[in-house]
Amino acid sequence: MNENAMTLSQLPPPLLAWYRASARDLPWRNTQDPYRIWVSEIMLQQTRVAAVLGYYARFLEAFPTVEALASAPEEALMKLWEGLGYYSRARNLQRAARLVADRGGFPDTHAGLLELPGIGDYTAAAVASAAFARREAAVDGNVLRVVTRLTDDHSDIAAPQTKQNIRAQVREIFPEAEADVRIFNQALMELGATVCVPNGPPKCLLCPVREWCLGRERGTAESLPVKAPKKSRRAEEKTVFLLLREGRAALRKRPASGLLAGLWEFPNVEGALDEPAAGEAVRAWGLEPKAWKHRLTAKHIFSHVEWHMTVYTLEVTGGGPRGFTWVESLERHAVPSAFARCREEAERALRE
């Protein structure tokens, strides 16, 4: 047995004992229902636990079963998802829910779960282990960090081969008891989230497996994991219009595919326009500026692009194009968080 394998083989007993005594009490950890576990895993993708808790409770109140989600109106689903971002996750949730409802239940294997829309290796393993006690390794950023520090592994964790190797290593050390299998992935992730933390030194004095950690022993833990730098995001300039007419604000739906597909947005055009050019853009929609109220700037960062927005609030007259919807309130429309600052301004303007 090589040194890395020996290190990891010591992991399960102290890790599981620590988890049972110290883990955060999170609602999706108190169930074996694959629906509730699956919803939590999809929500937690690229989103912090603290941000998910309220959404998770509201989502399950509205859609308590997979059948309820399968039959939900898309607008209601998008409204509940508003602010979580990555809206394709919600659409894939519903697509998968319809397949599960049609077949009468969730597939109970990693391979079967992988066939559902929006489910990759990590989510399939997380659901298969927690809901069905399958010995499948769910490898996320927390697990990559824990394992590379424990084994003093300097491989690039952005490389697919590194993730495959670590998944194989973790699968080899899975416990046998069903109750342990259900929580082992969660225990590894919890260790990474609360002790072997990112963006700072690991809390080695609190770690239940510190005596077997090669990274701690060799003084390399803080430099791990190794990850190749991301490509820089491109910046896009946009001019956004908060158009007010007779106590209503204009919204329009984004295209059915692409970024923020099918969600509501405030009318906008490419480029950072000054006021004269902005006025011409408004007139091109068949509207006439009546009173310019406010100008502000806002920024939103996606994973691959940044929006730099110049935002004009103005009163207008005229009919406007067919694609505009004029609303008295934004409460029933799913406006993505990319327009959060614009939404605040529009709601303030509508109250005046």
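What this report covers is the structure whose coordinates are included nearby.

Cut-offs and rules
Residues numbered from 1 in each chain as written. Predicted model: local features only at pLDDT ≥ 70, side-chain atom pairs only at ≥ 80, totals over all residues. Heavy atoms only, no water. Salt bridge = Lys/Arg side-chain N within 4 Å of Asp/Glu carboxyl O. Helix = DSSP H or I, 4+ residues; strand = E, 2+ residues; numbered from the N terminus. Buried < 20%, exposed > 50% of the residue type's maximum accessible area, 1.4 Å probe, protein only. Pairing = 2+ DSSP bridges. Axes fitted to C-alpha atoms, helices over the stretch in contact; angles between N-to-C directions. Parallel < 35°, antiparallel > 145°, perpendicular 65-115°, else oblique. Contact = heavy atoms within 4.5 Å. Nonpolar A, V, L, I, M, F, W, Y, C, P; charged D, E, K, R; others polar. Phe/Tyr/Trp six-rings, centres within 6.5 Å; stacked < 30°, edge-to-face > 60°. Lys NZ or Arg CZ within 6 Å of the ring centre and 35° of its normal. Left-handed = near helix turned anticlockwise from the far one by under 90°.

### Comments concerning the pattern of salt bridges
- Under the defined criterion, the tally for this structure stands at 25 salt bridges.
- When the shortest N-O distance is used, the salt bridge between R283 and E280 registers 3.0 Å. Residue R283 and its partner E280 are located together in helix α14 (residues 275–284), separated by three residues, close to a single helical turn.
- Given the relative accessible area of 49%, E280 is considered partly exposed.
- In this structure, E345 engages R348 in a salt bridge whose closest nitrogen and oxygen atoms are separated by 2.7 Å. You can see E345 and its partner R348 sitting in helix α15 (residues 340–351), three residues apart, about one turn around the helix.
- Residue E345 is classed as buried on the basis of its relative accessible area of 6%.
- Each of K79, E82, R343 and E347 takes part in one network of salt bridges that share partners.

### What to know about the pairing of strand β1 (residues 234–245)
- Inspection of the sheet shows β1 paired to strand β6 (residues 305–318) by eleven bridges, in the parallel sense. Within β6, the position partnered with R234 by the bridge is V305.
- One ladder, built from two bridges, connects β1 with strand β2 (residues 248–253); its direction is antiparallel. The residue of β2 that forms the bridge with L244 is A249.

### What to know about the packing of helix α2 (residues 12–22) against helix α12 (residues 178–194)
- Where α2 meets α12, the axes come as close as 9 Å, and the angle between the chain directions of the two elements is 80°. Taken together, α2 and α12 sit at an angle that is classed as roughly perpendicular. Residues P12, L15, L16, W18, Y19 and R20 of α2 lie in contact with α12, whose contacting residues are A179, D180, I183, F184, Q186, A187, L188, E190, L191 and T194.
- Here the residues of the contact of α2 with α12 are counted per class, giving eleven nonpolar, two polar and three charged.

### Some points on the packing of aromatic side chains
- Overall, the coordinates contain 14 aromatic pairs when judged by the stated rule.
- With centroids separated by 5.1 Å and ring planes inclined at 75°, the aromatic side chains of F59 and F63 adopt a geometry described as edge-to-face. Here F59 matches F63 in class, with each residue buried.
- Over the aromatic face of W307 sits the side chain of K238, whose NZ or CZ is 4.8 Å from the ring centroid.
- Across from the ring centre of W326, 4.0 Å away, lies the NZ or CZ of R245, which sits over that ring.

### Section: the packing of helix α3 (residues 34–44) against helix α7 (residues 88–103)
- Packing of α3 against α7 brings their axes to within 10 Å, and their N-to-C directions diverge by 160°. Between α3 and α7, the angle falls in the class roughly antiparallel. Crossing of α3 over α7 shows right-handed handedness. For the pair α3 and α7, the contacting residues are W38, V39, I42 and M43 in the first and R89, L93, A96 and A97 in the second.
- Of the residues that constitute the contact of α3 with α7, the class distribution is seven nonpolar, no polar and one charged.

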